[in-house]
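Geometric and topological summary
Each chain, letter by letter, is given below.
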Protein chains: 2
Amino acid sequence: MKSFSDKISIRKPDDMHLHLRQGEILKVCAPESAKWFQRAMIMPNTIPPIINSERLISYRKEIEEAVFYRNNRESNIPKENFTPLMSFKLYPGMKEEEVIKLSKAGAVAGKLYPEGSTTNSEDGVKSWKQITEALSAMSKLGIILAIHGEKPDSFVLDREKDYLPELFQIIEHYPDLKIVLEHVSSVEGVNAVINGPVNLGGTITIHHLLITLDDLLGGGINPHNFCKPVVKTPKDREAIQNAALSGNRKFFFGSDSAPHPESLKIKTGGNAGIFSAPVAFPLLVSFFEKNGSKELLENFTSRYGAEFYNLPLNSSSITLERKESKVPERFSDIVPFMAGATIEWDISTSE
Amino acid sequence: MKSFSDKISIRKPDDMHLHLRQGEILKVCAPESAKWFQRAMIMPNTIPPIINSERLISYRKEIEEAVFYRNNRESNIPKENFTPLMSFKLYPGMKEEEVIKLSKAGAVAGKLYPEGSTTNSEDGVKSWKQITEALSAMSKLGIILAIHGEKPDSFVLDREKDYLPELFQIIEHYPDLKIVLEHVSSVEGVNAVINGPVNLGGTITIHHLLITLDDLLGGGINPHNFCKPVVKTPKDREAIQNAALSGNRKFFFGSDSAPHPESLKIKTGGNAGIFSAPVAFPLLVSFFEKNGSKELLENFTSRYGAEFYNLPLNSSSITLERKESKVPERFSDIVPFMAGATIEWDISTSE
């Protein structure tokens, strides 16, 4: 259904949840995000994790080098085209002093990983009571609390639902803290955001918006559609789609694009994470063309996230044209989301 | 919980649902079943499938050779220790004449694979109305209808539930036909068998009895726990456990052990099937020791299946002793169920 014209311009979007990793993977993946997004909230679960201002500063530098310099030469991406927004990883006993330093270094969010919930979370937080000093500091400083909202020892499809009591406790104890329930994946998660206070938001990924367990194990098993929280049932997907299309400013885009080399995905005990950065935005355009509107798309990708984070809206725009292309099977040794599929939109080459 | 003595003898068990494949895989896997089971119902989804008496006879011969002769020498498995029970694959338009020939050649079951439901089912049956002549013949001849009860185009967790209307139609049209809903995997499947007529039975696998989606994708993704029907929720598992422990003679053991080389499991689009033959019986002993009784175990593995199929009970027994051992990581290039785990029972070496 073509409800958009064949060439559309929208305010440049932000990706409010992005894993860029380090080293070679970072070099391959960061430009794919910079191609589409003006800003991206960079997740801190690197090895070692981003837990102090020194690491935050050096990681930001590494990211900027990956985007703006390639093979010791300036890349063709201008500096004004991409800004990494930095976060840090909360850890038990974290001090206010550290949070203040991180804030001064530019951190805009602190990420709470329940212990054992996903990639590199073995050293995570067992209870919010272990991070009360940090949460108080974040509340005062206006730093967002970004939560991977899963209870790791629950049944895999119930983990988000079972995390909600912990979320509600945090909300109750820190009424001024802004909180994002990241990558909402279930009816219950969506409803918690809708019914929660005004300073509770939720990010939505492209994969939770488009796929279900059918795409992970309905035919042969597809490790490239395996992520945490795992994609769930058609009912859960419907709730997520309705949230994205509702125009509710609590919901905004965060890809959770999370690259792993193919060898770490395709094995026994393969890693969770979907590398969606190269395709997320054009897929969103198609989704909103079919089910929503250009205005809803722009609010979801380019307004509500910035507003929630108290950031200025991006002033430049991105122009896309209707042009079919095939998603590459690989970016280096990383298989992207929808590898081999046809996408309908690309960045316009004739502005 | 040790409620059994350290050495137990029970009537030799039958595996009423087994994939042995062909060629090298058959040679590796068939002796693993013959080690524990007196008889096994052999599934016909080979390439090409078992659809006529000639193929049935030559496949049975191939199986017997794999068990009783190895490397052109007689194996150490005596002929009286293992009997393959043969089945054939139903196909659209199958004639009564073919069913009669298959029956004469020794077929005791006809397998219905809905088109696209599992390994090598691309040429399956779209509706029971395509196989009415065969079903009538089976009903007259006392051949069991074994059904892979999944509606392939439904959401993966709903496929068994959504197949049940088709099952009920078959029951209604063929009141004298004995039917097995194979590898029941859901609350709804279990309840259908319980509430259905007396000539409807259900097989239960060791993996649906023991694991859930948590074991497939709760940590890293584990392709070796991927099967069709897919393992489901703790509630579904509980219903299956209760059925196995209920003493209801409609439920009996069928492993659905289904080997694939590791390379076909660990890949994008990896095959469904769990190779459980080497561990299924000792795991059942542990499960019934913890949750049931020796009598319930023996009925489940060595009586109810034979009775449903109108076969004599096995006259010999198997003696196991409590002895820990590690499940091998591989049998040739096939990774077994519970690879590397400790099992608590082994065949007694001192009778």
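Treat the numbers as computed from the prediction; the structure is a model and nothing was measured.

**Some points on the packing of helix H1 (residues 23-36) of chain B against helix H2 (residues 53-68) of chain B**
Residue and element names in this part refer to chain B.
- Running from amino to carboxyl end, H1 crosses H2 at an angle of 65 degrees, the nearest separation of the two axes being 8 Å. For the element pair H1 / H2, the angle class is roughly perpendicular. Our pair here, H1 against H2, has a crossing hand that is right-handed. Residues Gly23, Leu26, Lys27, Ala30, Pro31 and Ala34 of H1 form the contact with H2, whose participating residues are Glu62, Ile63, Ala66 and Val67.
- Broken down by class, the residue content of the contact of H1 with H2 amounts to seven nonpolar, one polar and two charged.

**Topic: the relation of the copies chain A and chain B**
- It takes a turn of 180 degrees to lay chain A on chain B, together with a shift of 0.0 Å along the axis; the resulting RMSD is 0.0 Å. Taken together, the rotation and translation describe the operation of a two-fold axis. Looking at the rotation axis and the C-alpha trace of chain A, the residue lying nearest is Ile266(A), at 2.9 Å.
- A shared interface surface links the copies, since 100% of the contact residues of chain A are contact residues in chain B too.

**Re the confidence of the model for chain A**
- Considering every residue of chain A, the mean pLDDT works out to 96; 99% of them sit at 70 or more.
- Confidence estimates for the predicted assembly give a pTM of 0.96 and an ipTM of 0.94.

**Quick look at the pairing of strand E3 (residues 39-42) of chain B**
All names here are of chain B.
- What you see with E3 is no split at all: Arg39 and Met41 on one side and Ala40 and Ile42 on the other are buried throughout.
- Sheet topology note: the E3/strand E6 (residues 83-89) ladder contains four bridges and is parallel. The residue of E6 that forms the bridge with Ala40 is Pro84.

**Observations concerning helix H6 (residues 187-195) of chain B**
All names here are of chain B.
- If you check which residues of H6 are buried, you get Gly189, Val190, Ala192 and Val193. Projected onto a plane normal to the axis of H6, the buried residues spread over an arc of 160 degrees and lie on a single side.
- Next to the buried residues of H6 lie helix H5 (159-173), strand E9 (179-181), strand E10 (200-204), helix H9 (234-245) and strand E11 (251-253).

**What about the nonpolar core?**
- Core analysis: the biggest nonpolar cluster contains 199 residues, and Ile170(A), Leu213(A), Leu217(A), Ile170(B), Leu213(B) and Leu217(B) have the highest contact counts within it.
- Setting aside residues no more than four positions away along its own chain, Leu217(B) makes contact with Val156(A), Leu213(A), Leu216(A), Leu217(A), Phe226(A), Lys228(A) and Val230(A).
- Formed by 13 residues, the second largest nonpolar core is a distinct cluster that contains Met16(B), Val108(B), Ala109(B) and Ile144(B).

**Focus: the interface of chain A and chain B**
- Contact residues are listed per partner, giving 29 residues for chain A and 29 residues for chain B.
- For chain A, the biggest contributors to the area lost against chain B are Phe155(A), Leu217(A) and Ile221(A); these three give 31% of the whole.
- For the pair chain A and chain B, the number of links is two salt bridges.
- For Asp214(B), the salt bridge goes to Arg159(A), with nearest N and O atoms at 3.3 Å.
- At the boundary of chain A with chain B, the tally comes to 16 residue pairs in polar contact (both at pLDDT 80 or more).
- Looking at the side of chain A that touches chain B element by element, the count peaks at four residues for helix H8 (residues 213-217) of chain A.
- Looking at the side of chain A that touches chain B residue by residue, the classes come out as 12 nonpolar, 11 polar and six charged.

**Remarks on the sheet that holds strand E12 (residues 317-326) of chain A**
Residue and element names in this part refer to chain A.
- Ordered by their spatial adjacency, three strands build an open sheet running E1-E12-E13, and the pairing between neighbours is antiparallel. With one partner strand each, in any of the chains shown, strand E1 (7-11) and strand E13 (342-347) form the two edges of the open sheet. Across the sheet, the axes of successive neighbouring strands diverge by a mean angle of 40 degrees, strand direction being ignored.
- When E12 meets E13, the two strands line up antiparallel, connected through five bridges. Bridge assignment links Lys326 to a residue of E13, and that residue is Thr342.
- Here helix H1 (residues 23-36) sits on the sheet and contacts E12 and E13; the angle it forms with E13, its principal contact strand, is near 70 degrees.
- Helix H11 (residues 280-291) rests against E1, E12 and E13 of the sheet, and its axis sits at about 105 degrees to E13.

**Remarks on the sheet that holds E10(B)**
All names here are of chain B.
- One open sheet holds the eight strands; their spatial order is E2-E3-E6-E7-E8-E9-E10-E11, and the pairing between them is parallel. Each end of this open sheet is capped by a strand with a single partner; those strands are strand E2 (14-18) and E11. With strand direction ignored, the average angle separating the axes of adjacent strands in the sheet is 30 degrees.
- Pairing between E9 and E10: three bridges, direction parallel. What sits directly across from Ile179, in E10, is Leu200.
- On the sheet, H2 packs against E3, E6 and strand E7 (107-112) and is oriented at approximately 145 degrees with respect to E6.

**Regarding H1(A)**
Residues and elements named next belong to chain A.
- Along H1, the helix axis deviates most sharply at Cys29, where the bend reaches about 25 degrees; the proline Pro31 sits within four residues downstream.
- Buried within H1 we find Ile25, Leu26, Cys29, Ala30, Pro31, Glu32, Ser33, Ala34 and Trp36.
- Lining the buried residues of H1 we find strand E2 (14-18), helix H2 (53-68), strand E4 (69-70), H11, E12 and E13.

**Quick look at the pattern of salt bridges**
All names here are of chain A.
- Scanning the entire structure with this criterion turns up 30 salt bridges over all chains.
- Across the salt bridge formed by Lys140 and Glu96, the nearest N and O atoms sit 2.8 Å from each other. Linking Lys140 in helix H4 (residues 132-141) with Glu96 in helix H3 (residues 96-104), this pair joins segments that are 44 residues apart in sequence.
- One network of salt bridges, in which partners are shared, links Asp6, Glu289 and Arg322.

**A few points about the environment of Leu112(A)**
Residues and elements named next belong to chain A.
- Relative to the helices and strands, Leu112 is located in strand E7 (residues 107-112).
- With 70 residues separating them along the chain, Leu112 and Glu182 place their C-alpha atoms 10 Å apart.
- Apart from residues lying up to four places away in sequence, Leu112 is in contact with Leu90, Val125, Ile131, Leu145, Ala146, Ile147, His148, Tyr163 and Ile170.

**Here's the deal with the side chain of Ser286(A)**
Residue and element names in this part refer to chain A.
- Mapped onto the secondary structure, Ser286 falls in helix H11.
- The class of Ser286 is buried, set by a relative accessible area of 13%.
- What Ser286 contacts, discounting residues up to four positions off in sequence, is Glu344 and Trp345.

**Comments concerning the packing of aromatic side chains**
- In the structure shown here, the tally under the stated rule is 24 aromatic pairs over all chains.
- Taken together, a centroid distance of 6.0 Å and an interplanar angle of 85 degrees make the contact between Trp128(B) and Tyr174(B) edge-to-face. Pair noted here: Trp128(B) is in the loop between E7 and helix H4 (132-141) and Tyr174(B) is in the loop between H5 and E9, with a separation of 46 residues, a long-range link. The same class applies to Trp128(B) and to Tyr174(B), which are both buried.
- In this structure an aromatic cluster arises from ring pairing among Trp36(A), Phe37(A), Phe253(A), Phe281(A), Phe287(A), Phe288(A) and Phe300(A).
- The ring of Phe308(A) has Lys178(A) lying over it, and the distance from NZ or CZ to the ring centre is 4.9 Å.

Rules and cut-offs
- Residues numbered from 1 in each chain as written.
- Chains lettered and ligands numbered in written order.
- Predicted model: local features only at pLDDT ≥ 70, side-chain atom pairs only at ≥ 80, totals over all residues.
- Heavy atoms only, no water.
- Axes fitted to C-alpha atoms, helices over the stretch in contact; angles between N-to-C directions.
- Helix = DSSP H or I, 4+ residues; strand = E, 2+ residues; numbered from the N terminus.
- Parallel < 35°, antiparallel > 145°, perpendicular 65-115°, else oblique.
- Left-handed = near helix turned anticlockwise from the far one by under 90°.
- Contact = heavy atoms within 4.5 Å.
- Nonpolar A, V, L, I, M, F, W, Y, C, P; charged D, E, K, R; others polar.
- Least-squares fit on C-alpha atoms with pLDDT ≥ 70 in both.
- pLDDT = per-residue confidence, 0-100.
- Buried < 20%, exposed > 50% of the residue type's maximum accessible area, 1.4 Å probe, protein only.
- Pairing = 2+ DSSP bridges.
- Arc of directions from axis to C-beta.
- Core = buried A, V, L, I, M, F, W, Y, C linked by side-chain atoms within 4.5 Å.
- Buried area = accessible area lost by both parts, 1.4 Å probe.
- Salt bridge = Lys/Arg side-chain N within 4 Å of Asp/Glu carboxyl O.
- Polar contact = N/O pair within 3.5 Å; in protein donor to acceptor, adjacent residues only side chain to side chain.
- Bend = angle between axes of the 7 residues up to and from the residue.
- Phe/Tyr/Trp six-rings, centres within 6.5 Å; stacked < 30°, edge-to-face > 60°.
- Lys NZ or Arg CZ within 6 Å of the ring centre and 35° of its normal.

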